[in-house]
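Residue strings, one per chain:
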Amino acid sequence: MELTAVPATCFSSEQLTTILSDCFEDYLVPVSLSVEVFVQRFSAEGLSLLDSCVWLAGDTPAAIAIITRRGDAARLAAFAVRPAWRGKGTGRALMVSLMAALQARGVRRMWLEVIRNNHAAVALYQSLGFSVRHGLCGYLSAQPEGEGGSALQPYDVLALTRRAGSEINGRLPWLMDPMTFNTLPCRALTLNQQAFAVLATLTAKPQLQLLWVEPAARGRGLARELLIALARQFPGLGTLVSVPQSFTPLFSAAGYAAMALQQYEMSVEFPGEASAGR
């Protein structure tokens, strides 16, 4: 049966949450979110319901694409096909139509994350023109021994967004970019007003969202000291699988272990006039 594309604006948040969970059935990493987490998470990432899509087989949702957007850049935040429609070239056909629709709406660059050992998905995205920008890892702190350490002070989240954002200027993965926590429930902490961390408080257990050290203060071990202090204050603190793998030595030196799950961040440029500052 041919699938019909329907804009995500035609569905409630509750319906989209259910469709997303159903489409991720039997995936390498199943997705199960509450409605509240669905709304807060994807809103913080730049959710665009106008660009997001559900594909129907009759009245049955068969696939879903959640798109987040910043200006003329869009990210495939979630893409899944229900089991009955997998293995038939459906994913490729839907991605081709989705990319064409986004380009028609002014998107000039598209991003996504994909699990590294999902070889079929990696090959699909490469065949569609995507290339790897970052290898992504996640980290988890061990229960520290002893107490004490450097004292952390609260810091204004929006002030940090403005300071770090101008210096980072899009060089970090989408999920680590300061723009992501403009609307995310979170708190910021600082070490000596030179090293800073943002912890997402979307769930009961905080999650490290960003680590940033002022350029003039780098090379003094402040990032490692901050990570250790965070682990002491928040035992079991972890990150999303969104940290560039080049940071592995830093996290290892601070006593954090790399998670088994790893991803790639991939991107593709659409034909057309390039955007300034890219």
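Residues numbered from 1 in each chain as written. Predicted model: local features only at pLDDT ≥ 70, side-chain atom pairs only at ≥ 80, totals over all residues. Heavy atoms only, no water.

**Student:** What should I look at first to understand the side chain of Arg-75 in this one?
**Tutor:** Mapped onto the fold, Arg-75 is located in strand E4 (residues 73-81). Relative accessible area serves as the criterion here: at 1%, Arg-75 is assigned to the buried category. Ignoring sequence-local partners within four residues, the contact set of Arg-75 consists of Glu-45, Ile-66, Ile-67, Thr-68, Trp-111, Glu-113, Trp-174 and Leu-175. (Helix = DSSP H or I, 4+ residues; strand = E, 2+ residues; numbered from the N terminus. Buried < 20%, exposed > 50% of the residue type's maximum accessible area, 1.4 Å probe, protein only. Contact = heavy atoms within 4.5 Å.)

**Student:** Can you walk me through the pattern of salt bridges in this structure?
**Tutor:** Two side chains that carry opposite charge are able to pair once their charged atoms sit near each other. The tally for this structure, following the rule as stated, stands at 10 salt bridges. The partner of Glu-269 in a salt bridge is Arg-109, with the nearest N and O atoms 3.5 Å apart. Here Glu-269 is found in strand E15 (residues 263-269), whereas its partner Arg-109 is found in strand E5 (residues 109-115), with 160 residues between them in sequence. On the accessibility criterion, Glu-269 (41% relative accessible area) is partly exposed. Linking Arg-163 and Glu-214 is a salt bridge whose minimum nitrogen-to-oxygen distance equals 1.7 Å. (Salt bridge = Lys/Arg side-chain N within 4 Å of Asp/Glu carboxyl O.)

**Student:** Just checking my understanding: could you explain unusual backbone geometry for this structure?
**Tutor:** With glycine set apart, most residues show a phi of negative sign, and most peptide bonds adopt trans. Phi is positive for Asn-192, close to 60°, though the residue is something other than glycine. One can find Asn-192 in the loop between strand E9 (186-191) and strand E10 (195-200). Phi at Gln-193 is positive, roughly 60°, even though this residue is not glycine.

**Student:** I would appreciate a short explanation of the pairing of strand E3 (residues 60-70) in the present structure.
**Tutor:** Each regular strand carries side chains that alternate between the two faces of the sheet. Counting buried residues along E3, nine of its 11 residues qualify, which places the element largely inside the surrounding structure. Of the pairings in the sheet, the one linking strand E2 (residues 53-57) to E3 comprises five bridges and is antiparallel in character. Bridging across to E3, Cys-53 finds its partner in Ala-65. By the bridge criterion, eight bridges tie E3 to E4 in an arrangement that is antiparallel. If you follow Ile-67 over to E4, its bridge partner there is Leu-76. With antiparallel pairing between neighbouring strands as the criterion, E3 and E4 make up a hairpin whose turn holds two residues, including Gly-71 at a positive phi of roughly 60°. (Pairing = 2+ DSSP bridges.)

**Student:** Whenever I open this one, helix H4 (residues 119-127) confuses me. Can you help?
**Tutor:** Working note: α-helix, 3.6 residues per turn, so residues spaced by three or four point in the same direction. Residues Ala-121, Val-122, Leu-124 and Tyr-125 constitute the buried set of H4. End-on view of H4: buried residues confined to an arc of 160°, all on one side of the axis. Exposed residues lying more than 90 degrees from the buried face of H4 are His-119 and Ala-120. Backbone geometry just downstream of H4 places Gly-129 in the positive-phi region, at approximately 105°. (Arc of directions from axis to C-beta.)

**Student:** Help me understand the packing of helix H1 (residues 13-23) against helix H2 (residues 35-44), please; the structure alone is not making it clear to me.
**Tutor:** Each pair of packed helices gets described by two things: the angle between the helix axes and the distance between those axes. The geometry of H1 relative to H2 is characterised by a closest axis approach of 9 Å and an angle of 95° between their N-to-C directions. Between H1 and H2, the angle falls in the class roughly perpendicular. Across from Ser-13, Glu-14, Leu-16, Thr-17 and Leu-20 in H1, the residues of H2 making contact are Val-35, Phe-38, Val-39 and Phe-42. Here the residues of the contact of H1 with H2 are counted per class, giving six nonpolar, two polar and one charged. (Axes fitted to C-alpha atoms, helices over the stretch in contact; angles between N-to-C directions. Parallel < 35°, antiparallel > 145°, perpendicular 65-115°, else oblique. Nonpolar A, V, L, I, M, F, W, Y, C, P; charged D, E, K, R; others polar.)

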